[in-house]
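What the coordinates show
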Protein chains: 2
Amino acid sequence: MGAKIEKTHFCHGGQLYYCSHDSRETGTQMRFSLFLPPQASGGTPYVIFLSGLTCTEDNFTTKAGAYAKAAALGIAVLAPDTSPRGEDVADDDAYDLGQGAGFYLDALQEPWKKHFRMESYLVSELLPLAEQSFGLDPKRKSITGHSMGGHGALTLYFRHPGLFQSCSAFAPIVAPAQVPWGQKAFTAYLGDSRETWLAHDATELVSKAATEKEILIDQGLADPFLEEQLQPELFQTACNKVGQKLTLRLQDGYDHSYFFIQSFIGDHLKFHANNF
Amino acid sequence: MGAKIEKTHFCHGGQLYYCSHDSRETGTQMRFSLFLPPQASGGTPYVIFLSGLTCTEDNFTTKAGAYAKAAALGIAVLAPDTSPRGEDVADDDAYDLGQGAGFYLDALQEPWKKHFRMESYLVSELLPLAEQSFGLDPKRKSITGHSMGGHGALTLYFRHPGLFQSCSAFAPIVAPAQVPWGQKAFTAYLGDSRETWLAHDATELVSKAATEKEILIDQGLADPFLEEQLQPELFQTACNKVGQKLTLRLQDGYDHSYFFIQSFIGDHLKFHANNF
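Just so it is clear, the model here is predicted, and its values are computed rather than measured.

1. With respect to the overall build of chain A
Scanning chain A for helices and strands turns up ten helices and nine strands. The C-alpha atoms of chain A give 17 Å as radius of gyration, which agrees with the globular expectation for 276 residues (19 Å, within 12%). Each of the three principal axes of chain A carries a C-alpha extent, and together these read 45 × 40 × 35 Å. Burial analysis of chain A (276 residues in total) assigns 62% to the buried set. Long-range pairs, those at least 24 residues apart, make up 71% of the contacts in chain A with a sequence separation of at least 6.

Spelled out as structure tokens, the structure:
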């Protein structure tokens, strides 16, 4: 099932596409945006950006100011939605569960397991689809994300060794099994088994899947979620234990918003470009 | 009446403020955003960006990706709302009249004239307020804008000689008296007098108020409003007649969106910085 281009915009000399496609993994229509730099001519390296709670594919696309640097570096940028959506898709009134809150895993529990298959969707379906449809290089892709999407970037990086050239994150949920956002989502999507949880917890995963490559994390010190939900020091300690190289930049004054992301997205794209 | 800071965000090493204040000119609460670059220490030069139809102060602020370049250049950026707003403020069901469509002029007609005083609001109230509240340099300010806001930038530049150091625009309505958007708004706000209209029409104004300074305009050639509403060639012809220097860049493939604006806002900020 190919991607349908819904809208296109010229941007910084490249092309921005908003696309939809019928997903076999989620059983729903899924949406994503893709920026192709002016240099694109097949075999374009790319970065996938996973967004945070409540976001669609549009938040990063319109607010992150990423495409000036992506164009300069010749990198494509893929931004998926954060969950399946639709009237017949399970949901919850809370902002941190259900539609807009897929947590980048395959749910095991009712009523979520039918559609909430974001890990399989991304790894097995969207990446190959985007690569084939837009001439992206399967061997040069990296992953980053914000908050819940930072959790997604780190866990997919560790759970699929060799799939991504490098990984970075903005204010990621590094230890979901230890914080309220993650505990709530994991209980709903995965059930009560702590072992199952830890297979989707970056702080746990790094002890088994540390890589040779440096990981880059930016975290704002004025982020209102820092102490309760994020706690990057938990991941830092786990990285230190196993020798995983980590650059954790604690950014004075910055909060959790896209103004924080836009301030450092250029550094992250350059970091990934240096790893291709 | 001072500005109340509603929200602040660190951004690119500077500070972004969302503010509100009670306006004497519009008789309403008005909103604006202001980015102060990291170098700000009093006497900061600034650019005011006037937005287009339907926009608030938030569209440019979140979507234009302007602050990386503003920070690098040491320029503040002020983004006002496009009209007075509120339940007791006149409005129209159409997107191109009433709230969100102030056209940067003082209305003369009922029911608009009580609140729709955007020219007086900007020139006599907001600029001095922002200068005093945030240490901006009254002698180094320039003006730009998009679509209806491009009309605003050009007409305020010509109507207030010496107030702005330079002027640029993105896809401006250059000849409102000759196109549907302008004719509809001018009829409602100004009445039927053609003479009154022409005092707010950039293509007419340039013949009486041409300046020594170059004006920069970017216009996308895939802009769906180009032929009916924008017609930059009308302004170009008028500039040529009176020797007004104009750089009109026709950008192949670009549309009317903020993806167009974000692609060239850096050039515009640099243009203004060179004129301070």
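On we go.
2. Looking at the interface of chain A and chain B
Between chain A and chain B, the contact holds 21 residues from the first and 21 residues from the second. Of the roughly 1700 Å² buried between chain A and chain B, counting both surfaces, carbon and sulfur atoms make up 57%. Ranking the residues of chain A by area buried against chain B places F10, F259 and Q262 of chain A at the top, with a combined share of 36%. Our count for the contact surface shared by chain A and chain B stands at zero salt bridges. Linking chain A to chain B there are twelve residue pairs in polar contact (both at pLDDT 80 or more). Residues of the side of chain A that touches chain B, tallied by class, amount to eight nonpolar, ten polar and three charged.

3. What to know about the packing of aromatic side chains
The full count for this structure, using the stated rule, is 38 aromatic pairs over all chains. Between Y157 of chain B and F158 of chain B, the aromatic rings sit 5.6 Å apart at their centres with planes inclined by 55°, giving tilted as the arrangement. For the pair shown, Y157 of chain B and F158 of chain B are each scored as buried. Taking 4.7 Å as the distance between ring centres and 45° as the angle between the ring planes, the aromatic pair formed by W181 of chain B and F225 of chain B counts as tilted. Of this pair, W181 of chain B sits in helix α5 (residues 180-190) while F225 of chain B sits in the loop between β8 (215-220) and α8 (226-230), placing them 44 residues apart in sequence. Residue F225 of chain B is classed as partly exposed on the basis of its relative accessible area, which comes to 28%. Taken together, F10 of chain A together with F35, F49, F60, Y67, F170, Y254, F260 and F264 of chain B form an aromatic cluster joined through their ring pairs. Positioned over the ring face of Y18 of chain A is K7 of chain A, at 4.4 Å from the centre of the ring.

4. A closer look at the packing of helix α4 (residues 148-159) of chain B against helix α7 (residues 202-209) of chain B
Residues and elements named next belong to chain B. For the pair α4 and α7, interaxial distance at closest approach is 9 Å and the crossing angle is 25°. Taken as axis vectors, α4 and α7 run roughly parallel relative to one another. Crossing geometry of α4 relative to α7 is assigned as left-handed. Residues L154, T155, F158 and R159 of α4 form the contact with α7, whose own contacting residues are A202, L205, V206 and A209.

5. As for helix α10 (residues 258-275) of chain A
Residue and element names in this part refer to chain A. The terminal C-alpha atoms of α10 lie 25 Å apart, and with 18 residues this matches the ideal 26 Å at 1.5 Å per residue to within 8%. Where α10 bends most, at F264, the angle is about 45°. Counting buried residues along α10, 14 of its 18 residues qualify, which places the element largely inside the surrounding structure.

6. Notes on the pairing of strand β4 (residues 44-50) of chain B
Residue and element names in this part refer to chain B. For β4, the tally of buried residues reaches seven of seven residues, placing the bulk of the element in the interior. Alternating residues of β4 divide into T44, Y46, I48 and L50 and P45, V47 and F49, and every residue in both groups is buried. Here β4 runs beside strand β6 (residues 136-145); their pairing, made up of six bridges, is parallel. Its bridge partner being in β6, L50 is matched across the sheet by G145.

7. So, the pattern of salt bridges
Residues and elements named next belong to chain B. Taken as a whole and assessed by the stated rule, the structure comprises 25 salt bridges over all chains. Of the charged contacts, one joins D96 and K184 as a salt bridge, the two residues approaching to 2.7 Å between their closest N and O atoms. Note that D96 is positioned in the loop between β5 (76-80) and α3 (118-134) and K184 in helix α5, a separation of 88 residues in sequence. The partly exposed category is assigned to K184, whose relative accessible area is 33%.

8. Examining the environment of D252 of chain B
Tracing the sequence through the fold places D252 of chain B in the loop between β9 (246-251) and α10 (258-275). With relative accessibility at 60%, the residue D252 of chain B sits in the exposed group.

9. So, the side chain of T203 of chain A
All names here are of chain A. As for its position among the elements, T203 is in helix α7 (residues 202-209). Looking at T203, its side chain comes within polar contact range of the main-chain oxygen of V174, at 2.8 Å. Leave out the neighbours within four places in its chain, and T203 touches V174, A175, L234, F235 and A238.

10. Concerning the relation of the copies chain A and chain B
Of the transformation superimposing chain A on chain B, the axial component is 0.0 Å and the angular component is 180°, with the fit at an RMSD of 0.0 Å. The relationship between the two copies is best expressed as a two-fold rotation axis. Take the interface residues of chain A: 100% of them recur as interface residues in chain B, which is what a same-surface contact looks like.

11. Section: α7 of chain A
Residue and element names in this part refer to chain A. Here α7 has its buried residues at A202, T203, L205, V206 and A209. Buried residues along α7 cover an arc of 155° about the axis, so they all sit on one side. Tucked into the core, α7 has its buried residues touching α4 (148-159), α6 (194-198) and α9 (232-242). Its side-chain oxygen at 3.0 Å from the backbone nitrogen of T203, D201 defines the N-terminal cap of α7.

12. Focus on the side chain of S51 of chain B
For S51 of chain B, the position within the fold is in the loop between β4 and α1 (57-63). The contact partners of S51 of chain B, leaving out residues within four places of it in the chain, are T56, F60, T82, Y104, H146, M148, G149 and Y258 of chain B.

13. Focus: a positive patch on the surface
On the surface, K7 and K63 of chain A together with K7 and K63 of chain B cluster together into a positively charged patch. The topology assignment puts K63 of chain B in helix α1.

14. Considering the confidence of the model for chain A
Across chain A, the average pLDDT comes to 97, with 100% of residues at or above 70. Two numbers describe this predicted complex: its pTM, 0.96, and its ipTM, 0.95.

15. What to know about unusual backbone geometry
Residues and elements named next belong to chain A. Of note, the amide linkage connecting E110 to P111 takes the cis form, showing an omega dihedral of -5°. With respect to the element layout, P111 can be found in the loop between β5 (76-80) and α3 (118-134). Even without glycine at this site, A171 takes up a positive phi of about 45°. Here A171 is to be found in the loop between β7 (167-170) and α5 (180-190). The phi torsion at Q231 lies on the positive side, around 45°, for a residue other than glycine. Within the element layout of this structure, Q231 appears in the loop between α8 (226-230) and α9.

Reading the values: the criteria
- Residues numbered from 1 in each chain as written.
- Chains lettered and ligands numbered in written order.
- Predicted model: local features only at pLDDT ≥ 70, side-chain atom pairs only at ≥ 80, totals over all residues.
- Heavy atoms only, no water.
- Helix = DSSP H or I, 4+ residues; strand = E, 2+ residues; numbered from the N terminus.
- Rg over C-alpha atoms; globule rule 2.2 N^0.38 Å.
- Buried < 20%, exposed > 50% of the residue type's maximum accessible area, 1.4 Å probe, protein only.
- Contact = heavy atoms within 4.5 Å.
- Buried area = accessible area lost by both parts, 1.4 Å probe.
- Salt bridge = Lys/Arg side-chain N within 4 Å of Asp/Glu carboxyl O.
- Polar contact = N/O pair within 3.5 Å; in protein donor to acceptor, adjacent residues only side chain to side chain.
- Nonpolar A, V, L, I, M, F, W, Y, C, P; charged D, E, K, R; others polar.
- Phe/Tyr/Trp six-rings, centres within 6.5 Å; stacked < 30°, edge-to-face > 60°.
- Lys NZ or Arg CZ within 6 Å of the ring centre and 35° of its normal.
- Axes fitted to C-alpha atoms, helices over the stretch in contact; angles between N-to-C directions.
- Parallel < 35°, antiparallel > 145°, perpendicular 65-115°, else oblique.
- Left-handed = near helix turned anticlockwise from the far one by under 90°.
- Expected span 1.5 Å × (residues − 1).
- Bend = angle between axes of the 7 residues up to and from the residue.
- Pairing = 2+ DSSP bridges.
- Least-squares fit on C-alpha atoms with pLDDT ≥ 70 in both.
- Arc of directions from axis to C-beta.
- Patch = residues over 30% accessible without salt bridge, like charges linked within 9 Å, V, L, I, M, F, W, Y side chains within 5 Å.
- Areas by Shrake-Rupley, 256 points an atom, 1.4 Å probe, with all protein chains shown as cover.
- Lys, Arg positive; Asp, Glu negative; His and termini not counted.
- Charge placed at Lys NZ, Arg CZ, Asp CG, Glu CD.
- pLDDT = per-residue confidence, 0-100.

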